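Single-letter residue listing:
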Amino acid sequence: MPLPTRDWQKSVQNRLILEHEALAYEGLDVVADQKIARLNVEQLHAYKEVTYSVLNNSGKIFFLNGPAGTGKTFVYNTITDSLRSQGHIVIMVSSSGVASYY
Ligand SMILES: Nc1ncnc2c1ncn2[C@@H]1O[C@H](COP(=O)(O)OP(=O)(O)OP(=O)(O)O)[C@@H](O)[C@H]1O
């Protein structure tokens, strides 16, 4: 197979990356800070552990567990808003249940 003669990535860019970068909007950092300020002690601990791992390229894997309605999704959304506002791409996935339809 012939090799590409130019770097298409540079001129066209990756559509999926562009879509995800578009999820960060002006003011998202303020929204993230407001959510961080509302986290309780345990939520803040989880938030700090995950973001520290991301920002330091530690590559850790986390399992956030807790009874229904205790704020797990709130933590996910806070982490997502915070990292997106800092220029990171965050992709949320789900393997089962209603959440996996979205
Ligand atoms: N620190 C917080 N400050 C204000 N509201 C919060 C906080 N944490 C959670 N909530 C609110 O509490 C409700 C339940 O939180 P959330 O949906 O995150 O729980 P969950 O653990 O993901 O629940 P489930 O396991 O049922 O999906 C939501 O309305 C959420 O916005």
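Residues numbered from 1 in each chain as written. Predicted model: local features only at pLDDT ≥ 70, side-chain atom pairs only at ≥ 80, totals over all residues. Heavy atoms only, no water.

Taking an unreviewed UniProt entry as the reference, the chain is identified by name as ATP-dependent DNA helicase belonging to Aquilegia coerulea. Under the UniProt heading Sequence similarities (unreviewed entry), the note attached to the chain is "Belongs to the helicase family." (UniProt positions renumbered as here; feature names shortened; annotations may be inferred.)

Engineer: What is the right way to read the UniProt feature "domain: DNA helicase Pif1-like DEAD-box helicase" (unreviewed entry) in the chain from this model?
Structural biologist: The UniProt record annotates "domain: DNA helicase Pif1-like DEAD-box helicase" (unreviewed entry) at residues 39-100. Along residues 39-100, the helical share is 47% and the strand share 0%, with 26 Å between the first and last C-alpha atoms. (Helix = DSSP H or I, 4+ residues; strand = E, 2+ residues; numbered from the N terminus.)

Engineer: I'm lost on the layout of surface pockets in this one. Help?
Structural biologist: The gaps of empty space that remain are located by a probe, the size of a water molecule, rolled over the atoms. Here the largest pocket defines a volume of roughly 800 Å³. Taken together, 21 residues line the largest pocket, and the ones lying closest to its centre are Tyr76, Thr80, Ile91, Met92 and Val93. Elements with a contribution of two residues or more to the lining of the largest pocket: α4 (41-55) and α5 (72-85). No other element matches the five residues that α4 contributes to the lining of the largest pocket. Among the residues forming the lining of the largest pocket, the class breakdown is 15 nonpolar, four polar and two charged. Of the voids in this model, the second largest pocket is the one considered here, and its volume is about 180 Å³. Around the second largest pocket, the lining residues are Asn40, Glu42, Gln43, Ala46, Leu64, Asn65, Gly66, Pro67, Thr70, Gly71, Lys72 and Val75. Of all the secondary-structure elements, those providing two or more residues to the lining of the second largest pocket are α4 and α5. In terms of residues, the lining of the second largest pocket owes the most to one element, α4, which gives three residues. Here the residues of the lining of the second largest pocket are counted per class, giving four nonpolar, six polar and two charged. (1 Å grid on protein atoms, 1.4 Å probe; cavity = no way out; pocket = protein on both sides within 12 Å on 5 of 7 lines; lining within 4 Å. Points joined across faces, edges and corners; volume = space filled by probe spheres on them. Nonpolar A, V, L, I, M, F, W, Y, C, P; charged D, E, K, R; others polar.)

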